[in-house]
Amino acid sequence: IRLLGRIKDKEMRAVIPLKKYYLEEGDANAAQALYQILKKDIYPICIEATKSPYREARLIACVYLGNMGRDDCFPILNYLLVSDPEEEIRALAGFGMRFIKLNATVDALVRALQDTSMLVQVKAANTLALYKESDIGANILVSGLSDERDNIRKEAVEGLSYVTVNDAETVLCALLRNEKCA
């Protein structure tokens, strides 16, 4: 399937079966091949993929939409951030907003700090740190570093790389205080 993405086909006959395979089965290789063929024209397919029942299709759509950084990607990513039942998709939708520089983006990420999933909260804090709003997410990073799940701790540590030295020091001091109290 990846090979089809490298074929220069003027009629782009490969697009229809690849699109079907990606949307109906959530195949990552089909998505990658479509991206190879369509480049920036993958936007409509990603929009369609966000409604797919296949988790993988929605995940890949979040990645591509986020990397596009287009303002018109915000409503779709925001919808996924708020409404998708899968925490990993909500987290990726929030992180996908990192290149979208709208006031509404910061508002959506701040709301995501209240999500029931620690993974979504930590990804939102990481993304806010990129906006130089890291003080908003400092407590979330502390909670993430204290979490028992490896993937949450990993995301929180990654978040520390986005914040300023003073903010990272504040987070680490709070974490140490929490451990001494426990």
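Heads up: the structure comes first, above all this text.
Since the model is a prediction, treat every value here as computed from it, not as a measurement.

Rules of the game
- Residues numbered from 1 in each chain as written.
- Predicted model: local features only at pLDDT ≥ 70, side-chain atom pairs only at ≥ 80, totals over all residues.
- Heavy atoms only, no water.
- Helix = DSSP H or I, 4+ residues; strand = E, 2+ residues; numbered from the N terminus.
- Buried < 20%, exposed > 50% of the residue type's maximum accessible area, 1.4 Å probe, protein only.
- Contact = heavy atoms within 4.5 Å.
- Areas by Shrake-Rupley, 256 points an atom, 1.4 Å probe, with all protein chains shown as cover.
- Phe/Tyr/Trp six-rings, centres within 6.5 Å; stacked < 30°, edge-to-face > 60°.
- Lys NZ or Arg CZ within 6 Å of the ring centre and 35° of its normal.
- Axes fitted to C-alpha atoms, helices over the stretch in contact; angles between N-to-C directions.
- Left-handed = near helix turned anticlockwise from the far one by under 90°.
- Nonpolar A, V, L, I, M, F, W, Y, C, P; charged D, E, K, R; others polar.
- Parallel < 35°, antiparallel > 145°, perpendicular 65-115°, else oblique.
- Salt bridge = Lys/Arg side-chain N within 4 Å of Asp/Glu carboxyl O.
- Polar contact = N/O pair within 3.5 Å; in protein donor to acceptor, adjacent residues only side chain to side chain.
- Disulfide = S-S within 2.5 Å.

**Section: the overall build of the protein**
Item 1. The helix and strand tally for the protein stands at 12 helices and 0 strands.
Item 2. Shown N-terminal to C-terminal, the secondary structure of the protein runs as helices and strands in the order α-α-α-α-α-α-α-α-α-α-α-α.
Item 3. Taking all 182 residues of the protein together, 50% fall into the buried category.
Item 4. Partitioning the contacts of the protein with sequence separation of at least 6, the portion at a separation of at least 24 is 58%.
Item 5. For the protein, the computed accessible surface area is about 10000 Å², with 54% contributed by carbon and sulfur atoms.

**Digging into the packing of aromatic side chains**
Item 1. For the coordinates displayed, the defined rule picks out 0 aromatic pairs.
Item 2. Seen from the ring of Y43, R70 lies directly overhead, with NZ or CZ sitting 3.9 Å from the centre.
Item 3. Over the aromatic face of F95 sits the side chain of K123, whose NZ or CZ is 4.2 Å from the ring centroid.

**Overview of the packing of helix α8 (residues 103-112) against helix α9 (residues 118-130)**
Item 1. Orientation of α8 relative to α9, taken along the N-to-C sense of each, is 145 degrees, at an axis distance of 8 Å. Between α8 and α9 lies a crossing of left-handed hand. Contacts between α8 and α9 pair V106, L109, V110 and A112 from the former with V120, Q121, A124, T127 and L128 from the latter.
Item 2. Its residues placed into classes, the contact of α8 with α9 shows 7 nonpolar, 2 polar and no charged.

**Topic: the packing of helix α7 (residues 87-96) against α9**
Item 1. Look at α7 against α9: their axes get within 8 Å of each other, and the N-to-C directions meet at 5 degrees. Here α7 lies roughly parallel to α9, going by the angle between them. Judged by residue contacts, E87, E88, R90, A91, G94 and F95 of α7 engage L119, V120, K123, T127 and L130 from α9.

**Details of the pattern of salt bridges**
A side chain of one charge can pair with a side chain of the opposite charge when the charged atoms of the two come close.
Item 1. Inspection of every chain in the model, using the stated rule, returns 5 salt bridges.
Item 2. One salt-bridge network, in which partners are shared between bridges, spans R55, E86 and E88.

**Comments concerning the side chain of D115**
Item 1. Tracing the sequence through the fold places D115 in the loop between α8 and α9.
Item 2. A distance of 3.0 Å separates polar atoms of two side chains, one belonging to D115 and the other to R90.

**Section: the side chain of R58**
Item 1. Here R58 shows up in helix α5 (residues 55-68).
Item 2. Of the residues examined, R58 reaches a relative accessible area of 8% and is grouped as buried.
Item 3. A polar contact of 2.7 Å, which involves the side chain of R58, links it to the side chain of D84.
Item 4. In contact with R58, other than residues within four places in its own chain, are A49, T50, S52, P53, D84, E86 and I89.

**What to know about the state of the cysteines**
Item 1. Summed over all chains, the structure comprises 0 disulfides.
Item 2. This cysteine, C46, is not joined by any disulfide, and C73 carries the nearest cysteine sulfur, 8.0 Å off.
Item 3. Residue C46 is classed as buried on the basis of its relative accessible area of 1%.
Item 4. Note on C73: relative accessible area 0%, which makes it buried.

**Quick notes on the environment of F95**
Item 1. Positionally, F95 belongs in helix α7.
Item 2. Given the relative accessible area of 12%, F95 is considered buried.
Item 3. Sequence separation between F95 and K123 is 28 residues; the distance between their C-alpha atoms is 5.9 Å.

Worth remembering: the numbers are spatial, not functional.
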